[in-house]
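# Examination of the molecular architecture
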Amino acid sequence: MKSPNSSSASSNRAQSLMANTNSDHHRSYAAVTQEDGYDFDGDPAAWAAFTNVFGEVQSVLDRNRTLIHQVNQNQQSKIRGNMVKNVAMIQEINGNMTKVISLYSNLSDDISGRFSRRTGDAKNNR
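About the cut-offs
- Residues numbered from 1 in each chain as written.
- Predicted model: local features only at pLDDT ≥ 70, side-chain atom pairs only at ≥ 80, totals over all residues.
- Heavy atoms only, no water.
- Core = buried A, V, L, I, M, F, W, Y, C linked by side-chain atoms within 4.5 Å.
- Buried < 20%, exposed > 50% of the residue type's maximum accessible area, 1.4 Å probe, protein only.
- Helix = DSSP H or I, 4+ residues; strand = E, 2+ residues; numbered from the N terminus.
- Contact = heavy atoms within 4.5 Å.
- Salt bridge = Lys/Arg side-chain N within 4 Å of Asp/Glu carboxyl O.

### Describing the nonpolar core
Looking at soluble globular proteins, one finds that nonpolar side chains tend to be buried together. Ranked by size, the top nonpolar core spans ten residues in total: Ala49, Phe50, Val53, Phe54, Val57, Val60, Val100, Leu103, Leu107 and Ile111. Breaking this core down by element, the ones donating at least two residues are α3 (44-77) and α4 (80-124). Sorting elements by how many residues they give to this core places α3 first, with six residues. When neighbours within four sequence positions are excluded, Val57 is seen to be in contact with Val100, Leu103 and Tyr104.

Structure, rendered in structure tokens:
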């Protein structure tokens, strides 16, 4: 079970990521969503999904960073046993990248679905 601090940390990371995006892009996205009647900021479930995925992605990328560092050390050592270990580590890195792609794809589908449902609801309520 996650501690309350880890949820807060994930939320802070996501907010920081959003704050660092290109402000012109963010403004145009905000304008489009407002025109369509969708308020992403007012959808706690969407933000929860967003922050959870970014937390998972960051964890996987941190693991890859560690693996890549170890692979580089093993490569530099030129010790046969270390080179053999690299095969499994590189396979894990590859699998981790597949997981990141899947996480982002699922998040995209989730947000698109929410956006479609919300804009459809807003149009039906006019």
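### Quick notes on the environment of Ala49
Checked against the element boundaries, Ala49 lands in helix α3. Each residue touching Ala49, except ones within four places of it in the same chain, is listed here: Leu107 and Asp110.

### Focus: unusual backbone geometry
The residue Lys78 is not glycine, and still its phi comes out positive at about 55°. By the secondary structure assignment, Lys78 is in the loop between α3 and α4.

### Description of the pattern of salt bridges
Applying the stated criterion to the full structure yields three salt bridges. Between Arg65 and Asp62 there is a salt bridge, with the nearest N and O atoms lying 2.9 Å from each other. Of this pair, Arg65 and Asp62 both sit in helix α3, three residues apart, which is roughly one turn of the helix. Exposure remark for Arg65: the relative accessible area of 53% places this residue in the exposed category. Residue Asp62 is classed as partly exposed on the basis of its relative accessible area, which comes to 33%. Glu92 is the partner of Arg63 in a salt bridge, and the nearest nitrogen-oxygen pair spans 2.8 Å. With Arg63 in helix α3 and Glu92 in helix α4, this residue pair connects regions lying 29 residues apart in the sequence. You can call Arg63 partly exposed: its relative accessible area is 38%. Among the residues examined, Glu92 registers a relative accessible area of 29% and is labelled partly exposed.

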